[in-house]
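Coordinate analysis (summary)
The residues making up each chain are set out below.
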Amino acid sequence: MSTYKVGLIGGDGIGPEVVAEALKVVEAAGVSLATTDYDLGADRYVRTGDILPDAVLGELRSQDAILLGAVGPPVGSTSVPPGALERGLLLRLRFELDLYVNLRPFTGVPGALAPDCDFVVIRENTEGTYAGEGGFLRRSTPFEVATQGSVNTRHGVERCVRFAFALAGGRARRHLTLVHKTNVLTFAGDLWQRTVDEVSIDYPTVTRDYNHVDATCIYLVENPARYDVIVTDNLFGDIITDLAGAVAGGIGYAASANLNPDRTGPSLFEPVHGAAHDIAGTGRSNPAAAIRSAALMLEHLGEASAAEKVTHAVTEFITSKPDPALSTAAIGDAIAERL
Ligand code: IPM
Ligand code: MN
């Protein structure tokens, strides 16, 4: 079996502790990793002023995969300017490494609003309003103008839509829903809808549907079982995956894969949750989302059976009605023991 080179960005707050549990579980699954720690995040910025030095980005490019915990300063802290880490680190990694698919699976846990839901959101991850198009005119005057455009390229939309169709084609229900706001965003929406219609010709076994994003918020709460694979743009995907996480059992369980499906560089795996400084070091963080993210990493690395075992162990653990007082490390141990 090969040893995979994995870059670790533990980050801030609970990030390093949930990554440690994910590594414990990967080891228990019998997959060998050669890890390198990268000190990045709010803490590093405050100490050194660096966000993502080019040399560090260069090193990250040579990894087989990257596992990230969480980055960000404590809520309310002004130690990092707004957007500096988001744009300078997280989005820069997504853009520079061409991580054009953000895959977020949602499988309900007992006690959730939707314990039986089982769907995947494919969020376009390099364009839309996140692309950074826009700017100010006459800033800080009474006549100032701020614009923030949404960039949608045929190339960018099509590669994401193709990924979503291929994924749907391999699932039991073979159903794809485009989520957008085509009734108002008539330019971008038209491009997305036409792309879905055209790509669908290559996937005749996949049924397709369309939902407006606002209606999707209702359906995600009232009837998430209608969804199998959702494909959507960057901002809609950001918003509906927080909602989906809450409905499926809480953000502590939500995993994500930032994928470069063409494999021109490493893909990056991270829990959807943030740094939660308020509980860092108390042993009260839930490593399940990080462990599920590590399973997505194993799958991408070609270790499908280990990935399946880890995902199964997490599900089994969650359904075993564990003691809610279990510590972060005890949860990691309990999941590792099932492997
Ligand atoms: C996420 C986060 C990021 C995003 C932020 C932190 C840049 O909310 O991964 O969903 O908006 O994509
Ligand atoms: Mn988000």
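Just above sits the structure.
As the structure is a prediction and not an experimental result, all values here were calculated from the model. (Residues numbered from 1 in each chain as written. Chains lettered and ligands numbered in written order. Predicted model: local features only at pLDDT ≥ 70, side-chain atom pairs only at ≥ 80, totals over all residues. Heavy atoms only, no water.)

**Some words on the sheet that holds strand S1 (residues 3–11)**
The line we're drawing: Note: two strands are recorded as paired if DSSP finds a minimum of 2 bridges between them. A helix here means a DSSP run of H or I that spans at least four residues, while a strand means a run of E at least two residues long, and both kinds are numbered starting from the N terminus. To get an axis, a line is fitted to the C-alpha atoms, and for a helix only the part in contact is used. The angle between two axes follows their N-to-C directions and goes from 0 to 180 degrees. We call two residues in contact whenever any of their non-hydrogen atoms come within 4.5 Å of each other.
The 10 strands lie next to each other as S2-S1-S3-S12-S11-S4-S5-S10-S8-S9, forming an open sheet whose pairing is mixed. Taken across any chain shown, the strands that pair with only one partner, and hence form the sheet edges, are strand S2 (32–37) and strand S9 (207–212). Strand-to-strand twist in this sheet, taken as the mean axis angle between neighbours without regard to direction, amounts to 25°. Looking at chain direction, S1 and S2 are connected through six bridges and run parallel. Note on S2: the bridge partner recorded for Leu-8 is Asp-37. Set on the sheet, helix H6 (residues 186–200) makes contact with strand S5 (118–124), strand S8 (175–180), S9 and strand S10 (229–232); between it and S8 the angle comes to about 165°. Where helix H9 (residues 288–300) meets the sheet, its contacts fall on S1, S2, strand S3 (65–70), strand S4 (101–107), strand S11 (255–259) and strand S12 (267–271), and the angle it forms with S12 comes to roughly 160°.

**Points about the pairing of S5**
The test is simple: Burial classification: accessible surface area is computed with a 1.4 Å probe over protein chains only, and a residue below 20% of its type maximum counts as buried, one above 50% as exposed, and the rest as partly exposed.
Most of S5 is tucked away: six of the seven residues are buried. In terms of strand pairing, S4 meets S5 through seven bridges, oriented antiparallel. When the bridges of S5 are listed, Thr-107 appears paired with Asp-118. Two elements, S5 and S10, share four bridges in a ladder whose sense is parallel. Each bridged residue has a counterpart across the sheet, and for Ile-122 the counterpart in S10 is Val-231.

**Some points on unusual backbone geometry**
Backbone geometry at Ser-140 places phi at a positive 60°, although glycine is not the residue there. Relative to the assigned elements, Ser-140 resides in the loop between strand S6 (134–137) and strand S7 (145–148). Here Ser-140 falls in the exposed class, since its relative accessible area comes to 60%. Residue Arg-263 is not a glycine yet carries a positive backbone phi of 60°. Note on placement: Arg-263 falls in the loop between S11 and S12.

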